[in-house]
Amino acid sequence: MIDLIDVSFQYQNGTEALKNINLRVNNGEFAFVVGSSGAGKSSILKLLLREEIATSGQVIVNGYNLNRLKNRQIPNFRRSIGVVFQDFRLIPNMTIYDNVAFALRVTDASVKTIRQQVPYVLELMNLKHKARMYPYEISGGEQQRVALARALVNDPPLIVADEPTGNIDPEFSYEIVEMLKAINKCGTTILMVTHEHDMVKYFGGRTINIEEGSVVFDDYIGGAYEG
Ligand code: ADP
Ligand code: ADP
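Rules of the game
Residues numbered from 1 in each chain as written. Chains lettered and ligands numbered in written order. Predicted model: local features only at pLDDT ≥ 70, side-chain atom pairs only at ≥ 80, totals over all residues. Heavy atoms only, no water. Axes fitted to C-alpha atoms, helices over the stretch in contact; angles between N-to-C directions. Helix = DSSP H or I, 4+ residues; strand = E, 2+ residues; numbered from the N terminus. Parallel < 35°, antiparallel > 145°, perpendicular 65-115°, else oblique. Left-handed = near helix turned anticlockwise from the far one by under 90°. Contact = heavy atoms within 4.5 Å. Nonpolar A, V, L, I, M, F, W, Y, C, P; charged D, E, K, R; others polar. Near = heavy atom within 4 Å. Polar contact = N/O pair within 3.5 Å; in protein donor to acceptor, adjacent residues only side chain to side chain. Areas by Shrake-Rupley, 256 points an atom, 1.4 Å probe, with all protein chains shown as cover. Phe/Tyr/Trp six-rings, centres within 6.5 Å; stacked < 30°, edge-to-face > 60°. Buried < 20%, exposed > 50% of the residue type's maximum accessible area, 1.4 Å probe, protein only. Lys NZ or Arg CZ within 6 Å of the ring centre and 35° of its normal. Pairing = 2+ DSSP bridges. Core = buried A, V, L, I, M, F, W, Y, C linked by side-chain atoms within 4.5 Å.

**Examining the packing of helix H3 (residues 96-105) against helix H5 (residues 140-152)**
Running from N to C, H3 and H5 cross one another at 25 degrees; their axes reach a closest spacing of 8 Å. In terms of orientation, H3 lies roughly parallel with respect to H5. In the packing of H3 onto H5, the handedness of the crossing is right-handed. Contacts between H3 and H5 involve Ile 96, Asn 99, Val 100 and Ala 103 on the former and, on the latter, Val 146, Ala 149 and Arg 150. For the contact of H3 with H5, the per-class residue count stands at 5 nonpolar, 1 polar and 1 charged.

Printed below as a string of structure tokens:
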């Protein structure tokens, strides 16, 4: 699913952001990625999404070897990952329904598929009654649920969430992670970057700690959550 083998990554200006990272996340896993600011978390995500290419080592995601990915393979590769951002990134002048439908339309999905899938994922995210509203009319927590619905609608094997609760009130933050947990139970692999220690302690599970470009901890921790 995700396999980083001896991965190092250096930015143009010489900053060594990742130093010999080895990391495997198997099909169906849920993993938190934690670490201080500047530790290298975003750099890992950039490599996984193929926004950057490793300086050395191998990056394999969903069966694609990203070191050797051809430009024409990039669209299919990107579609195999659902991405959720801290700042939601919804399209402001589109309804909730159309924000989700758009993710399918760009893949040339049939009208029939769109009419089936969009209401289905909106229902899953408990948003059916908000379908005709615009992003500015709903709360941050709801906007993030729209982003989750959008990430989910193409049924990707992997969802990558970059600080998905960073802009949400704590009471709703837990709800977002619970939804990610529920999605994970249906088989989707989830990698979630967060700096919220209390949340990681509550949910528990595989926790990967990155510091100064290296993996300093990678193990399962117990949590209070019983999902
Ligand atoms: P995190 O996401 O954990 O906060 P990053 O992956 O963003 O950490 O940063 C890792 C290191 O790379 C830091 O030293 C940071 O300053 C540096 N860095 C991040 N982005 C760039 C960039 N575009 N150019 C140069 N250095 C960068
Ligand atoms: P198309 O045929 O262009 O795929 P539809 O005929 O399904 O679109 O819908 C037209 C528009 O009506 C959509 O773009 C959307 O704005 C709205 N719409 C359709 N179904 C729903 C729904 N279940 N809830 C809210 N809005 C909807």
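**Thoughts on the site of ligand 1**
In the neighbourhood of ligand 1, 13 residues make up the surrounding shell, with Gly 38, Gly 40, Lys 41, Ser 42 and Ser 43 lying closest. Residue Ser 43 places a side-chain N or O atom 2.6 Å away from an oxygen atom belonging to ligand 1. Burial of ligand 1 by the protein chains amounts to 64% of its free accessible area of 560 Å². With 4 residues, helix H1 (residues 41-48) is the largest single contributor of residues to the shell around ligand 1. Residues of the shell around ligand 1, tallied by class, amount to 3 nonpolar, 8 polar and 2 charged.

**What to know about the packing of aromatic side chains**
The final tally for this structure, using the stated rule, is 9 aromatic pairs. When the ring of Tyr 202 is compared with that of Phe 203, the centres are 4.8 Å apart and the planes differ by 85 degrees; the resulting orientation is edge-to-face. Here Tyr 202 falls in the partly exposed class, since its relative accessible area comes to 30%. Here Lys 181 stacks its cationic end above the ring of Phe 30, 4.1 Å away from the centre of that ring.

**Focus: the sheet that holds strand E3 (residues 30-34)**
If you walk across this open sheet you meet the 6 strands as E6-E7-E8-E3-E9-E10, and the pairing is mixed. Strands with a single pairing partner mark the edges of an open sheet, and in this sheet they are strand E6 (81-84) and strand E10 (214-221). In this sheet, neighbouring strand axes are inclined to one another by 15 degrees on average, regardless of whether the strands run parallel or antiparallel. Taken together, the 7 bridges between strand E9 (residues 205-211) and E10 define a ladder with antiparallel strand orientation. Paired with Asn 209 across the strands is Phe 217, a residue of E10. H5 contacts E6 and strand E7 (158-162) of the sheet and is inclined by roughly 170 degrees relative to E6.

**Brief notes about H3**
Among all positions of H3, only Ile 96, Asn 99, Val 100, Ala 101, Ala 103 and Leu 104 are buried. Structurally, H3 contributes buried residues whose contacts are with helix H4 (111-124) and H5.

**Points about the site of ligand 2**
Neighbouring residues of ligand 2: Tyr 97, Asp 98, Arg 105, Val 111, Arg 115, Ala 131 and Arg 132. Within the side chain of Asp 98, an N or O atom sits 2.7 Å from an oxygen atom of ligand 2. At 3.2 Å, a side-chain N or O of Arg 105 approaches an oxygen atom of ligand 2. Contact with the protein chains covers 59% of the free accessible surface of ligand 2, which is 550 Å².

**Remarks on the nonpolar core**
Counting residues in each nonpolar core, the largest one holds 39 residues, and the members touching the most others are Phe 32, Val 100, Leu 122, Met 125, Leu 148, Ile 159 and Leu 180. Breaking this core down by element, the ones donating at least two residues are E3, H3, H4, H5, E7, helix H6 (170-185), strand E8 (189-193) and helix H7 (197-203). Sort the elements by how many residues they give to this core and H5 lands first, with 6 residues. Aside from chain neighbours lying at most four places away, what touches Leu 180 is Phe 30, Leu 148, Ile 159, Ala 161, Pro 164, Ile 190 and Met 192. If you look at the next biggest cluster of nonpolar residues, it comprises 31 residues, including Leu 4, Val 33, Leu 66 and Leu 158.

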